[in-house]
Amino acid sequence: MSMSNHPKAYGTAAIAVAFMAGVLLTLGFKDFYPDLERRYQRRRGQPPNSSDSRPGSTYLPPVKLEDHTRSARQSMVGLPTPQIPEGVEGIIGNTPLFKIKSLSEATGCTILAKAEFLNGAGGSPKDRVALNMIAMAEEEGLLTPGRGDTIYEGTVGSTGISLATLARAKGYKAYICMPNDQSTEKSDLLHHLGAEVERVTPAPITSTEHFVNLARTRAKEHTASSKDESKGFFADQFESNANYQVHFQTTGPEIWQQTGGQLDAFVAGAGTGGTISGISLFLKHEMGMWGDLKVVLADPEGSGLYNKVKHGVMFSNTEKEGTRRRQQVDSIVEGIGINRLTENFEAGRELIDDAVKVTDLQAMQMARWLVEKDGIFVGSSSAVNCVAALATAMKMPKGSRIVTILCDSGTRHLSKFWKKVGELGLKEEHDQTDLLKLLGIKDER
């Protein structure tokens, strides 16, 4: 049977043959094309294309291997490799400085807050102090990691929290003595951080039962009775030079850099006195601001520092020697205010130009205002600082720049300070728009 008798089969075969011929012709021309191209270029007097030196066979370009590792990606975008902080101690410092909008609008000045509650270990400026005290003790051989050493401190809370956090991170234990009239959440937090806490009845500094003196005693007892090589180290935040020095070395320079050196007043409270002294020493001494910068102490009720700055004496002349209680007026404010002069406060006392006395009511009203108007939830000492910053602004030309410190979050003051705010009905929203009238502060400009 021939194909001629089957036209359909014949047509299919013809198509297949034509397809195969087309494929062969294409492949042949592909290999033959470079020779034709070179001949054509020679006839026209053009040099051959050196970039196309394909042989008379099927051309395959060379395989390129690309580096897609992390370092290669980093170099491709032209960015430096970022420095990753080393441990919790690496995220202390370099806290942001921001404008408190409602206070700035109320005063016509720019009021800036250093957000020290964002320090990464204990969430307060005491992180800086605790880290520096430990570092200096290690340099002096007073602390050795892994030996079983314990850090002892007398504190109202924040320094103890910072020390407890860093002690664990650096291979130590912590033992904290604190007055039993401080908020319970502070001692609870210390327990959770692994510290041993001894809450004591408030006593005068002259008593061996004062929380600071007791911590010193406990450290000595540890060293004397230790059956191993472990030591007891008394941190001594009130008198240790490591306190004000770290603010001179870090907090002060940060404020200078963040403001570009453009600030007219610095306002802060004093517990140990390290913050206000260290920052003032840097700005006035190191950067030569002197008369260009006004340093103002924010002092709560019950503290004698206001009188010391304003009148040169710790107490008013109406108070007889030996008749003072622990605090002449019991204040709800924690963390700042004291009735003795510490080494840290004395380091910068002569640089303090003025002082503002802040009542408990003013502090509570300010704390509630900051929540309602700015969404800022802080503790009692921060509220005192903000009241004093507001009062300072009302004595300065409009447009002045005032820097203050926000020390810690309001979450550490729930059972005492913020509970009192609620009892006074201050938690209820109000339509008060005149902050100066609310706080009883006059415009003295």
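Okay, so let's go over this structure. Here the residue index of a chain counts from 1 through its sequence in written order. Under the rules for a predicted model, residues below a pLDDT of 70 receive no local features and side-chain atom pairs below 80 are neither given nor counted, while totals for whole chains, interfaces and linings still include all residues. Just so you know, side-chain values use all the structure's heavy atoms and leave hydrogens and water out.

## Overview of the packing of aromatic side chains
How two aromatic rings sit relative to each other is set out by the distance from centre to centre and by the angle between their planes.
Part 1 of the argument: Any pair of Phe, Tyr and Trp rings, taking the six-membered ring for Trp, is counted once the centres come within 6.5 Å. Such a pair is stacked with planes under 30 degrees apart, edge-to-face with planes over 60 apart, and tilted for the rest. Counted under the stated rule, the structure contains four aromatic pairs.
Part 2 of the argument: Judged by centre distance (5.1 Å) and plane angle (35°), the ring pair of Tyr152 and Tyr175 falls under tilted. Taken together, the residues Tyr152 in strand β3 (residues 150–154) and Tyr175 in strand β4 (residues 173–179) connect sequence positions 23 residues apart. Assigned by exposure class, Tyr152 and Tyr175 land together as buried.
Part 3 of the argument: Ring centres of Phe417 and Trp418 lie 6.0 Å apart, and the angle between their planes is 90°; on these two criteria the pair is classed as edge-to-face. The same class applies to Phe417 as to Trp418, namely buried.
Part 4 of the argument: An aromatic cluster is defined as three or more aromatic residues linked by ring pairs; in this entry it consists of Phe377, Phe417 and Trp418.
Part 5 of the argument: Only when the NZ of Lys or the CZ of Arg is both within 6 Å of the ring centre and within 35 degrees of the ring normal is a charge said to sit over the ring. In this structure, Arg340 packs its charged tip against the face of Phe238, placed 4.7 Å from the ring centre.
Part 6 of the argument: Between the NZ or CZ atom of Lys373 and the centre of the ring of Trp369, over which it lies, the distance is 5.0 Å. Helix numbers and strand numbers start at the N terminus; a helix is a DSSP run of H or I with at least 4 residues, a strand a run of E with at least 2. For every residue, the accessible area obtained with a 1.4 Å probe (protein chains only) is divided by the maximum for its type, and the residue is called buried under 20%, exposed over 50%, and partly exposed between those limits.

## Brief notes about the sheet that holds strand β1 (residues 97–99)
Part 1 of the argument: Following DSSP output, two strands are said to pair if at least two bridges run between them. Taken in spatial order, the six strands of this open sheet run β1-β2-β10-β7-β8-β9, and their pairing is mixed. Looking along the sheet, the strands with just one partner apiece sit at the ends: β1 and β9 (354–358). Each neighbouring strand pair of the sheet contributes to a mean axis angle of 25°, computed without reference to strand direction.
Part 2 of the argument: Here β1 pairs with strand β2 (residues 110–115) via three bridges, running antiparallel. Each residue of the ladder has a partner; that of Phe98, found in β2, is Ala113. Where helices are involved, their axes are fitted lines through C-alpha atoms of the stretch in contact, as for all axes, and angles between N-to-C directions lie from 0 to 180°.

## Digging into the sheet that holds strand β6 (residues 232–234)
Picture the strands of a sheet paired through backbone hydrogen bonds; they go either parallel or antiparallel.
Part 1 of the argument: Sheet architecture is open: four strands sit in the order β5-β4-β3-β6, paired in parallel fashion. Looking along the sheet, the strands with just one partner apiece sit at the ends: β5 (196–200) and β6. Here the average twist between neighbouring strands, direction ignored, is 20°.
Part 2 of the argument: Contacts are assigned to residue pairs with any non-hydrogen atoms lying within 4.5 Å of each other. With respect to the sheet, helix α7 (residues 211–225) is in contact with β3, β4, β5 and β6, its orientation differing from that of β3 by roughly 160°.

## Some words on the layout of surface pockets
Part 1 of the argument: The way it works is a 1 Å grid over only the protein atoms, where trapped points that fit a 1.4 Å probe form a cavity and open points with protein on both sides within 12 Å along at least five of seven lines form a pocket, and then any residue with an atom within 4 Å of a point lines it. Grid points are joined across faces, edges and corners, and a volume is the space filled by probe spheres set on the points. One number sums up the size of the second largest pocket: a volume of about 200 Å³.
Part 2 of the argument: Of all the secondary structure elements, the ones that give two or more residues to the lining of the second largest pocket are β9 and α13 (380–393).
Part 3 of the argument: The dominant element in the lining of the second largest pocket, judged by the number of residues it contributes, is β9, at four residues.
Part 4 of the argument: Only Asp, Glu, Lys and Arg are considered charged in this grouping, and only Ala, Val, Leu, Ile, Met, Phe, Trp, Tyr, Cys and Pro are considered nonpolar; every other residue, Gly among them, is considered polar. Tallied by class, the residues present in the lining of the second largest pocket amount to five nonpolar, two polar and six charged.

## Considerations on the packing of helix α4 (residues 126–139) against helix α8 (residues 241–259)
Part 1 of the argument: Interaxial distance between α4 and α8 falls to 9 Å at its minimum, and their mutual angle equals 125°. As summarised for this structure, α4 and α8 are arranged oblique, according to the angle between their axes. Considering the relative orientation of α4 and α8, their crossing is right-handed. Here Arg128, Val129, Asn132, Met133 and Met136 of α4 lie close against α8, whose contacting residues are Ala242, Asn243, Gln245, Val246, His247, Gln249, Thr250, Thr251 and Glu254.
Part 2 of the argument: Grouping the amino acids of the contact of α4 with α8 by side-chain chemistry returns five nonpolar, seven polar and two charged. Throughout this description, any angle smaller than 35 degrees is read as roughly parallel, any larger than 145 degrees as roughly antiparallel, any in the 65 to 115 degree range as roughly perpendicular, and the remainder as oblique. Handedness of a crossing is defined here by the sense of rotation of the near helix relative to the far one, left-handed for an anticlockwise turn of less than a right angle and right-handed for a clockwise turn.

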